[in-house]
Amino acid sequence: MLLQLAAEFDLQRDVVPWLAARGWAAALDTWENSPVLYVVNVERNGKIIYTWKGREVCEDVCQGARKEEREGNQRNTHIGLYDLQTKQNEHLYMFERDLRIISCSVNNERTLLAVSFHQYTEEERVSRLLQSVSKYLTLLIEIHPINNVKVLKAVDSCVRVQFLYPVEGRNTSTESRLLLISEDKYIEQFDIHVAEEEHKVVIQNSGQLPRARVADDLIWAQWDMMEQRLFYIVPKESRSTLKCIQFYPDENFNSILESHLDISLNDTQLKLVNFGYDYFQDQDVASKSLNLQVFTSKAGGLCVCYSLASDTPDEITYSIYFLHKGYNKTFTVSLERTESHQLKEVAFMNLDYYVAAYLPGQFLHLLNIQHPDLLCYSLFLTGEDARIDMLQNCSIRSPLMSTVLDCHQGSMYAISISDSSLLQFLQNSKRDSERLAALHCALLHFRHTEDWEMQIIWWISDNLSTCHSFDPIQEFIIASLYCRMCPETHNLDKLLPYTSLLDWIGIIPGVTCATDIISLPVLEFQNSKGFWEKLNSNLESVKYAEPHLHYHNNVLRREWRNLSEERGERSSTAYLRNIFENAKKVLSHLDTWDSEERLVPLFQEEDYQQQLLMGLMVAQLKDHLMRHLQYVGKKKIDQVVLDYVANLLNLVHRIMKEVWRRYQLHSCIFCFDERGSTGEFVVFHIMSRILEAANGMCMPLPPGFHTLHLGLGVRCLPLHTLLHYIDNGVLHLTETCVRKLLKDLDDTEENEKLKFSIVMRLPEALGQKVRQFWNHPINANFIARKYVKLLLEKLGSRQCNRPVPERLSVAVEFLPLNYLTNMLAEIENQGVHPYENQDHVNVRFVEETALKHTMVLLGLRHS
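Attention here is on the structure that accompanies the text.

Conventions used here
- Residues numbered from 1 in each chain as written.
- Predicted model: local features only at pLDDT ≥ 70, side-chain atom pairs only at ≥ 80, totals over all residues.
- Heavy atoms only, no water.
- Phe/Tyr/Trp six-rings, centres within 6.5 Å; stacked < 30°, edge-to-face > 60°.
- Helix = DSSP H or I, 4+ residues; strand = E, 2+ residues; numbered from the N terminus.
- Buried < 20%, exposed > 50% of the residue type's maximum accessible area, 1.4 Å probe, protein only.
- Lys NZ or Arg CZ within 6 Å of the ring centre and 35° of its normal.
- Pairing = 2+ DSSP bridges.
- Polar contact = N/O pair within 3.5 Å; in protein donor to acceptor, adjacent residues only side chain to side chain.
- Contact = heavy atoms within 4.5 Å.
- Axes fitted to C-alpha atoms, helices over the stretch in contact; angles between N-to-C directions.
- Nonpolar A, V, L, I, M, F, W, Y, C, P; charged D, E, K, R; others polar.

Description of the packing of aromatic side chains
With the rule as written, the count across this model stands at 18 aromatic pairs. Residues Phe 247 and Phe 253 carry aromatic rings whose centres are separated by 5.4 Å and whose planes lie at 40° to one another, so their mutual orientation is tilted. Geometrically, the ring pair formed by Tyr 377 and Tyr 498 is edge-to-face, given 6.1 Å between the ring centres and 70° between the ring planes. Of this pair, Tyr 377 sits in the loop between strand E26 (363-368) and strand E27 (379-382) while Tyr 498 sits in the loop between helix H8 (472-485) and strand E31 (511-517), and the two are 121 residues apart along the sequence. As far as burial versus exposure is concerned, Tyr 377 and Tyr 498 are alike and both buried. Counting every residue linked through ring pairs, the aromatic cluster contains Trp 223, Phe 247, Phe 253 and Phe 275. A cation over an aromatic ring shows up here: Arg 229 above the ring of Phe 531, its NZ or CZ 4.6 Å from the ring centre.

Listed below in structure tokens is the structure:
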């Protein structure tokens, strides 16, 4: 069970005991198969309005008996209110009749109550000869204290009521505004002024309340109580138009959004969402009505969720219109079981970062709102994973973000993704689509504890070879960076990469998906902040081809390769000095985060290539952000870039630290006199995959990574495999590791072979630094040969015109050697010395090495 519920309100738990304490619970029975206690509305301030039916129960038994005898079976209809904040109930009003409450709302100050109810059924009106009496009645009642009652509507069409609420913290008591939503497909607003007279709050000018028409000809409407927004749909030929009206605290309202939808709704009756809950209407078979909801997210996402009954009994179809992205996705799901009594309608729920499509007993589909482009970032669950405890019917509404109301049970729950269930699902998943979706959900949806992140890293280390269509290390690093960095600056989420994948060709078994491009919504607002500003920013990103806004490493890779090849030629330029200064800032910035002694021996040496890549990434990411975040100051962007690159290095170190702990490694990896353990071999394999991931993303690694990797390779791999890894660029020869290897290993036959193989593969610059630490004839011979080669290259075609200098060693009657040493001595005297930092490497060294080598070859001396 991936989704978990926490009960915030339950009629049986929070209301029935209160009723029992006041003598009302005795009448709480089911009467003619109709409920006597049910929820009718949820207000913005967390107030839940409910109604119940019962007879008055008096303390005086005799009086109660006489009253019962007088009234017969007549029942009263009560309206109560439960406050989620204070956990207190309050009795608001009582009708001395048995009524069917359709809609009810109370104003913010709890001085006015609006009620719409069904007076008589058609059969009752005929039987009682009440044809001239209206079927529905809408009242406005003064309840502070209970006083006057005003009739707002007396009609034969159903009416819903909803008070508008001011912004939180605003004290207002003299004016309220009320929406009336008619079954005749219009909405109007009443302005109600109140005044306090003799300790009573009364309606002023109640004879003629000012009213304004808000919308006409609508066939669907939804109320957003938290943001005071009205979404509604008007049919236009074969298409429909979604509109939104924003209500403001200053009594104004504006039409702020218009979007065309390819949904044909001409023959559909008016459907209302979140305008209270008519228990009787909600029990109708949902397949006969329109199932459509609008959800918004804090990041400026706007989704229309829509489903209709399928003509095929063993499948169901639903569509999600991602209006903020400019396309919709239509899903057709093959059902496992098709019992007709179970299949009612898909329930949609708003989880902010996700929209959930839920069909009890069949599936749970979590669709990523912010990144819906690739199907692999959405979770599709079946079986036990898809089950949601206590939500096994489809009388489900989502009145608030991350909240569901079960109208049938009269319960409201906070709904969230379970950390433990998500981790278990990740660990048990067999398909790459499930693994990738669960991994992104875990990284992007939660702010993790260190233990939670450790569990994810352990899963990655166990599944490096089982994920075939994506690299879990790359996804972990990129998604974690995205999650950490995007809250720092507005619109950063549109400029930083959130995945390493460019496309996804995988499929979800039993699910087909069709994607259609749709027209972008049209916004009309001025100086609006919050959601509308973010939605507008999302739409602008789509207009300017959003994928191209995300930072990518193509230019970085090319520039890094060019600078690496020109190391000696441009090392003194101002450009390179700036690059390395950037790298120093990153490492210095990282040091301020982690003052503790590091478990893994990283960040303990300089690494030219990695620092070059660090500095280049800082420079290019800074340029990228400066182009698109022109309203953000340079100082802020500098900080964001340093944080990004430092976080990147820290994530690699975090992975290393967790696997280090898991396999209980320590600093003995630099002791080359024994073979590596099984744990070391596993860590070596993980480091190889980290290196592969870094190369794929052109991502810098912490200084010391290659030294550590090579050290583990020497301990864990046979020689031929080690050399193969070096020759193919998996292992990088570093000065620190090679120097220690040459100094610490004794010169056994096996070690000589290892050392010589390493020395032969050293780059020239590095070889000059470290070969001196191996005092061995083989190495001396190699150095001498290299020295002669370099001197002769310097000589070129020049002739020796100077007299032969004095011999630098004992006289040897070996003319070829004499001639060679004389020539080399002359070149040295001209100021040419390739090994300036190694004074002992000179012509005399060459001569002595040559003689020793010759004697070995002649068998006159052992090597």
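With respect to the pairing of strand E8 (residues 136-143)
Of all eight residues in E8, eight are buried; the element is thus mostly enclosed. Every second residue of E8 is oriented toward a common face, with Tyr 136, Thr 138, Leu 140 and Glu 142 on one face and Leu 137, Leu 139, Ile 141 and Ile 143 on the other, all of them buried. Relative to E8, strand E7 (residues 112-118) runs antiparallel, the two sharing seven bridges. When the sheet's bridge partners are listed, His 118 is paired in E8 with Tyr 136.

Brief notes about the side chain of Gln 222
Summarising the element assignment, Gln 222 is placed in strand E15 (residues 220-224). Classification of Gln 222 as buried rests on a relative accessible area of 4%. At 2.6 Å, the side chain of Gln 222 forms a polar contact with the backbone oxygen of Val 294. Residues in contact with Gln 222, not counting those within four places in the same chain, are Arg 229, Leu 230, Phe 231, Val 273, Asn 274, Phe 275, Leu 292, Gln 293 and Val 294.

Thoughts on the packing of helix H16 (residues 705-716) against helix H18 (residues 735-744)
Look at H16 against H18: their axes get within 8 Å of each other, and the N-to-C directions meet at 35°. Facing H16, whose interface residues are Thr 707, Leu 710, Gly 711 and Val 714, H18 presents Thr 736, Cys 737, Val 738 and Leu 741. In the contact of H16 with H18, the residues fall into five nonpolar, three polar and no charged.

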